[in-house]
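# Structural overview
The residues making up each chain are set out below.
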Amino acid sequence: MTNAPISIRPARTADAHALAALSIQVWLATYTEGVSDLFARHVLSEFTPEKFLSLLNASDVVLHIAEVDERLVGYSLVRSGVPQPLVPEADSELCTLYVQEPFTRCGVGSTLLQTASESHDRLWLLVNVQNLRACRFYEKHGFVVRGSTDFVLGEGRHRNHVLARPQRG
Ligand SMILES: CC(C)(COP(=O)(O)OP(=O)(O)OC[C@H]1O[C@@H](n2cnc3c(N)ncnc32)[C@H](O)[C@@H]1OP(=O)(O)O)[C@@H](O)C(=O)NCCC(=O)NCCS
């Protein structure tokens, strides 16, 4: 928990290393109990400064970070132009919303989601069905289940809800 002010801003290339490190920490803490070779290889290949640099240069990606005392505590990543058959009215995916554990439950996730929703009014996203904290978080923010899909990693299949907000009007 923190009472320090949280600031949100677009990510810059100088943030690439911190983004990679925070991503590895949050991914392992959220999805693993013990680090297998498969999980280690996944995070070390998926979350690299080089990949974040390329995301920051991509015209279809919007990446915002949350900082406390000029340190990274969370980020959101939205990619536009990504169709989802279960949500035909939306073509922007909230690909990642990560908050470092000591800063959870302080409103950081909600603020990042609000910022992402301001630039993309029709978002869809995937959430692991066993990630109950995140499921509750998105439910609180008006997202509903539109179907499901599997995330495959090695031999493992991980069921994900496809979520979106109901259309207005
Ligand atoms: C899910 C996540 C993004 C939420 O971010 P956060 O900064 O903790 O969320 P907020 O503080 O804005 O919480 C907003 C609401 O979400 C719900 N919520 C958040 N954490 C919760 C928890 N542990 N238990 C129950 N509800 C919770 C609550 O309704 C909360 O409102 P409240 O505190 O007024 O009751 C964050 O926990 C996280 O990064 N988790 C690890 C990575 C992850 O799972 N990302 C999502 C993958 S799709």
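Just so you know, these numbers come straight off a predicted model, no measurement behind them.

Cut-off values and rules
Residues numbered from 1 in each chain as written. Predicted model: local features only at pLDDT ≥ 70, side-chain atom pairs only at ≥ 80, totals over all residues. Heavy atoms only, no water. Helix = DSSP H or I, 4+ residues; strand = E, 2+ residues; numbered from the N terminus. Contact = heavy atoms within 4.5 Å. Near = heavy atom within 4 Å. Polar contact = N/O pair within 3.5 Å; in protein donor to acceptor, adjacent residues only side chain to side chain. Areas by Shrake-Rupley, 256 points an atom, 1.4 Å probe, with all protein chains shown as cover. Nonpolar A, V, L, I, M, F, W, Y, C, P; charged D, E, K, R; others polar. Buried < 20%, exposed > 50% of the residue type's maximum accessible area, 1.4 Å probe, protein only. Pairing = 2+ DSSP bridges. Salt bridge = Lys/Arg side-chain N within 4 Å of Asp/Glu carboxyl O. Core = buried A, V, L, I, M, F, W, Y, C linked by side-chain atoms within 4.5 Å.

With respect to the element layout, V108 can be found in helix α4 (residues 108-119). Note: C-alpha distance between V108 and E67 (41 residues apart in sequence) is 9.2 Å. Those residues in contact with V108, other than ones at most four positions away along the chain, are I6, A66, V73, V99 and F103.

Taken together, 22 residues form the shell around the ligand, and within it V99, R105, G109, S110 and N131 come nearest. Here V99 contributes a backbone N or O atom positioned 2.8 Å from an oxygen atom of the ligand. Contact with the protein chains removes 82% of the 910 Å² of surface that the ligand exposes when unbound. Contributing elements (two or more residues each) for the shell around the ligand: α1 (16-31), β4 (92-99), α4, β5 (123-128) and α5 (132-140). Broken down by element, the shell around the ligand gets its largest block of residues, six residues, from α5. Partitioning the shell around the ligand into residue classes produces twelve nonpolar, six polar and four charged.

With that out of the way, let us pick up the pairing of β4. The buried fraction of β4 amounts to seven of the eight residues, a majority that puts the element mostly inside the structure. Relative to β4, strand β3 (residues 71-80) runs antiparallel, the two sharing seven bridges. Within β4, the position partnered with S80 by the bridge is S92. Two elements, β4 and β5, share two bridges in a ladder whose sense is parallel. Across the sheet, S92 pairs through a bridge with L123, a residue of β5.

This paragraph deals with the pattern of salt bridges. Side chains that differ in sign of charge can pair as their charged atoms come close. Evaluated as defined, the whole model comprises nine salt bridges. Of the charged contacts, one joins D15 and R9 as a salt bridge, the two residues approaching to 2.9 Å between their closest N and O atoms. Taking relative accessible area as the criterion, R9 reaches 14% and is therefore assigned buried. Within this structure, R9, D15 and E67 form a network of salt bridges that share partners.

The biggest cluster of nonpolar side chains holds 21 residues, and the ones touching the most others in it are L19, W27, F52, L63, I65, Y75 and Y98. Of all the secondary-structure elements, those providing two or more residues to this core are α1, α2 (37-46), α3 (49-56), β2 (61-68) and β3. Here this core takes seven residues from α1, the largest share from any one element. Sequence-distant contacts of F52, that is, excluding residues within four places in its chain, are made with A16, L19, A20, S23, F47, L63 and Y75. Counting residues in hydrophobic clusters, the runner-up holds 20 residues, among them L97, V108, A116 and L125.

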